[in-house]
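Chain residues, written in single-letter form:
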Amino acid sequence: MNKVWSVAKKEFTSYLYTPMAYALMAGFLIISGYFFSVSVLSSRYASISTMLGNAGMIMVFVAPILTMRLLADEAGTGTAETLFTTPVTTGQVVAGKFFGAFGLVTLMILLMMIYPLVLDHFGNPDWGVALSGLLGFWLMAGAFLAAGVFTSSLTDSQLVAGVSGVALLLLLWVIDWAGGALGEPVQSIVSHFSVTEHFMDFNRGIIDTQHIVFYATMVVGFLFLTTRVLDSRQWR
Amino acid sequence: MQTIEVRDVTKKYGDQVAVDHLTFNVSKGEILGFLGPNGAGKTTTMRIITGFLPPTSGTVHVDGIDVLEEPLEVKERVGYLPQDAPVYPEMTVKHYLHFMAEMKGLNAGQIAQNVDRAVQQLELQPVYNRLCGNCSLGYRHRIGLAATLLGDPPILILDEPTSGLDPHQRIEIRELIRGLAGERTVILSSHVLPEVQQTCERVVIINDGRLVAEDTPSGLAAQLTGYTELKLSVIGAEDVISEVLSAIPGVQEVVPESREDGTATFAVHMSPQRDIRADVFNKMVENDSPIVEMTPQGASLEDIFIQLTTEDPAQEPTEEEDSDE
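Everything numeric here is computed off the predicted structure, so don't read it as measured data.

*Asks:* Run through the packing of aromatic side chains, naming residues and quoting values.
*Replies:* Summed over all chains, the structure comprises 14 aromatic pairs over all chains. An aromatic cluster is defined as three or more aromatic residues linked by ring pairs; in this entry it consists of Phe98(A), Phe99(A), Phe102(A) and Trp138(A). Positioned above the aromatic ring of Tyr88(B) is the side chain of Lys10(A), whose terminal nitrogen or guanidinium carbon lies 3.6 Å from the ring centre. The ring of Phe99(B) carries the charged tip of Lys10(A) above its face, separated from the ring centre by 5.6 Å.

*Asks:* Account for the nonpolar core, with residues named and values stated.
*Replies:* In this structure, Met59(A), Phe137(A), Tyr96(B) and Leu97(B) are the most contacted members of the largest nonpolar core, which totals 116 residues. Those residues within four positions of Leu97(B) in sequence are excluded, and the remaining contacts are Val115(B), Val119(B), Leu124(B), Ile143(B), Ala146(B), Ala147(B) and Leu150(B). Counting 28 residues, the second-largest nonpolar core is a separate cluster that includes Ile48(B), Leu53(B), Ile155(B) and Ile206(B).

*Asks:* For the environment of Tyr15(A), give the residues involved together with the corresponding values.
*Replies:* Residues and elements named next belong to chain A. Locating tyrosine 15 in the fold gives a position in helix H1 (residues 2-17). When the C-alpha atoms of tyrosine 15 and lysine 3 are compared, they prove to be 18 Å apart, with twelve residues separating the residues in sequence. Residues in contact with tyrosine 15, not counting those within four places in the same chain, are Ala21, Tyr22, Leu66, Thr67, Arg69, Leu70, Gly100, Ala101 and Leu104.

*Asks:* Go over the sheet that holds strand E4 (residues 57-62) of chain B, please, and point to the residues and values.
*Replies:* All names here are of chain B. Ordered in space as E2-E1-E4-E5, the four strands form an open sheet in which the pairing is antiparallel. The open sheet has two free edges, formed respectively by strand E2 (16-27) and strand E5 (65-66), since each of these has just one partner strand. The pairing of strand E1 (residues 2-13) with E2 spans eight bridges and is classified as antiparallel. Residue isoleucine 4 lies in a different strand from E2, and its bridge partner there is valine 26.

*Asks:* I'd like a description of the interface of chain A and chain B, backed by residues and values.
*Replies:* The interface of chain A with chain B comprises 26 residues on the first partner and 27 residues on the second. Carbon and sulfur atoms supply 65% of the area buried between chain A and chain B, which totals about 2,600 Å² over both sides. Taken as a group, Glu81(A), Thr85(A) and Pro87(A) account for 25% of the area that chain A buries against chain B, more than any other trio of residues on that side. At the boundary of chain A with chain B, the tally comes to three salt bridges. On the surface where chain A and chain B come into contact, there are seven residue pairs in polar contact (both at pLDDT 80 or more). Listed by contribution, the elements that provide at least two residues to the side of chain A that touches chain B are H1, helix H3 (49-77) and helix H4 (79-83) of chain A. No other element matches the seven residues that H1(A) contributes to the side of chain A that touches chain B. When its residues are assigned to classes, the side of chain A that touches chain B shows eight nonpolar, eleven polar and seven charged.

*Asks:* Quick rundown of unusual backbone geometry? Include the residues and the values.
*Replies:* Residues and elements named next belong to chain B. A positive phi angle is found at aspartate 63, which is not glycine, with a value near 50°. Within the fold, aspartate 63 resides in the loop between E4 and E5. Positioned with a positive phi, alanine 85 is a non-glycine residue whose angle comes to about 40°. With respect to the helices and strands, the residue alanine 85 is situated in the loop between strand E6 (78-81) and helix H3 (93-103). For alanine 85, a relative accessible area of 3% puts it in the buried group.

Criteria and thresholds
Residues numbered from 1 in each chain as written. Chains lettered and ligands numbered in written order. Predicted model: local features only at pLDDT ≥ 70, side-chain atom pairs only at ≥ 80, totals over all residues. Heavy atoms only, no water. Phe/Tyr/Trp six-rings, centres within 6.5 Å; stacked < 30°, edge-to-face > 60°. Lys NZ or Arg CZ within 6 Å of the ring centre and 35° of its normal. Core = buried A, V, L, I, M, F, W, Y, C linked by side-chain atoms within 4.5 Å. Buried < 20%, exposed > 50% of the residue type's maximum accessible area, 1.4 Å probe, protein only. Contact = heavy atoms within 4.5 Å. Helix = DSSP H or I, 4+ residues; strand = E, 2+ residues; numbered from the N terminus. Pairing = 2+ DSSP bridges. Buried area = accessible area lost by both parts, 1.4 Å probe. Salt bridge = Lys/Arg side-chain N within 4 Å of Asp/Glu carboxyl O. Polar contact = N/O pair within 3.5 Å; in protein donor to acceptor, adjacent residues only side chain to side chain. Nonpolar A, V, L, I, M, F, W, Y, C, P; charged D, E, K, R; others polar.

Below is the structure:
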C-alpha cells in the first residue's frame, strides 16, 4: 500500500512539473465556465446540471490526454526497466498511476465548486443536486482515467495511447445510440454500458448505489486488464 | 558459494534466438565482466537475471531463489542499472532518489540515510535540486548508479555503466565499482575491453547468445594464443639477426615487422614457459647488434575478443561489428 501511495505521489507531482497538466486544467475550466455561463444566462435556472452534462463530453478528451504518458512513456523511455526491477508488483504500479491521475482530476473538480458557490452568491441553488452531480462527475472521470490507463499500457507511444483512449471513451459515450436504433432488448442491455446513462441520475440529485457500483467496476476492470497486459507483455 | 546460477537459459523473440542455452555462475563477492559484441544477448541475459523478462526456457537462481517463482525476493537483493541509465526527466534528482528508495521498500529513516550516502558517493550535490531531464548524460549515469546503490543490494548488475561517458568520468565510475566490490557481487557488461581487464576478476564472453569463453582475463590470453610475444628492435642486418634469433631455444617464430635507418624490428613468438630475454641480450652482444627496444607483449583482451567473436578467425573483423545497435 505504501508503494501505491509512492507511485501516486510521484505521478501527481510529475503533473505539477509539466506544463501539460496546467494547460489541460485551464482549458477544461475555461470551457466548463463557458458552458456554465451560457446555460445559466439563457435558462435563468440556478443549476449546474447542464454544464456538468456538457463537461462530461470534454472529459472524454481530457482524461486520455492526462493518462496517455503514464505507462506508454515508461515503455518508450526505458524507465519501465528501472521501475519493474525494484521489488514492486505490477498491480501496485498500475494502482499508483491511476490514483496519481485521479488526484489531479479531483483537484480539478474541487475547483469546479466555484460554480455552485457563484450561484449561491446570486441565487438559491439546490446544493444537494449540485453536490450529487459533482460526485457523479468525479466517479465518471475516474472510470475514464482507468480506461486511459488501460490504453496507455497497450503501446510505447503516448500519441497512440491518447488517440485510442479518446476512441474507446467516445464509443462508450455513444453506445446507447445503438439502443435507440435497434429497440428492445438491445436498448436495455446497451444502456447498462452507457457511461452517460449512469451519470444522469447523479445529475438529477439521485445517488443510487447501482451507479456507484458501475463506475467502480469500470475502474477495477480496466486496471485489472492493465495489469494483465503488462504482465504478459514482452518488454523489449 | 554461487550467488547467481544461470542454467541453460534460452530466450526467443518470435523466431529470433537472443540467448541460446546459456549457462554460467557467479560466486559471492566476485566482479564478473560480461562481454560480447552488440546484439550478442548481454542485455537480454541481464534482464532475465533481474526478473524483468521471463526466459523462454531454463532457470535463473539468485541466492538460491528462482527468479520466475519469487521475483520480488530476487528484486530485493539485486540493484540493476539498465543500459543508458533511464531516469524520469520531469522529476528532480532529489525526488527521483527518494522515489526509488521508496520503491525499494526502505523506511523514512533509511531513505534519508541511503539517499545522503548515495549523493555523497556519486557527488550529486551540484544537481540535487535540478530536473533529471536537465542533467548531462554523465550526471544521468551517476543518478542511475546512485539509485541502484540505494538499499545496499548485495548484488549489482550494471549494463554498460560507462557508455557515453568521457574518459575522466569513466575512471571515476570504474574506481567506484572497484570500491564497491569485495562485499558485493557485481556483473558488469561492457564493450570497452581495457575497462573489463582492469575491473573484473573473471570474464564471460558471449556471441550470438552462446557462451564462447569463460576465464580470468590473463587465463584467456594464455589459453588462446599459446605463445607470448616479444617486440624487439635491433640495429643491424635483418636477415642475419633473424637467423640468430631463430637459433635461440624457446623461440617459436620470428616475424620481421619493419626496418628503417638500419634498425630492424621483429615480433618474436616465444613459448610462455621460458623467458628468453637474457638469451636474446647475450646473443645480440655476441653478434655486435645493439638492442634499442625490447618489450614483452601480452595478448590483449581485445585480440581475444575479436578472435572469439569473429565467425571466421582468419578473416579481419569488419566495420559492422563496431557499429551501434
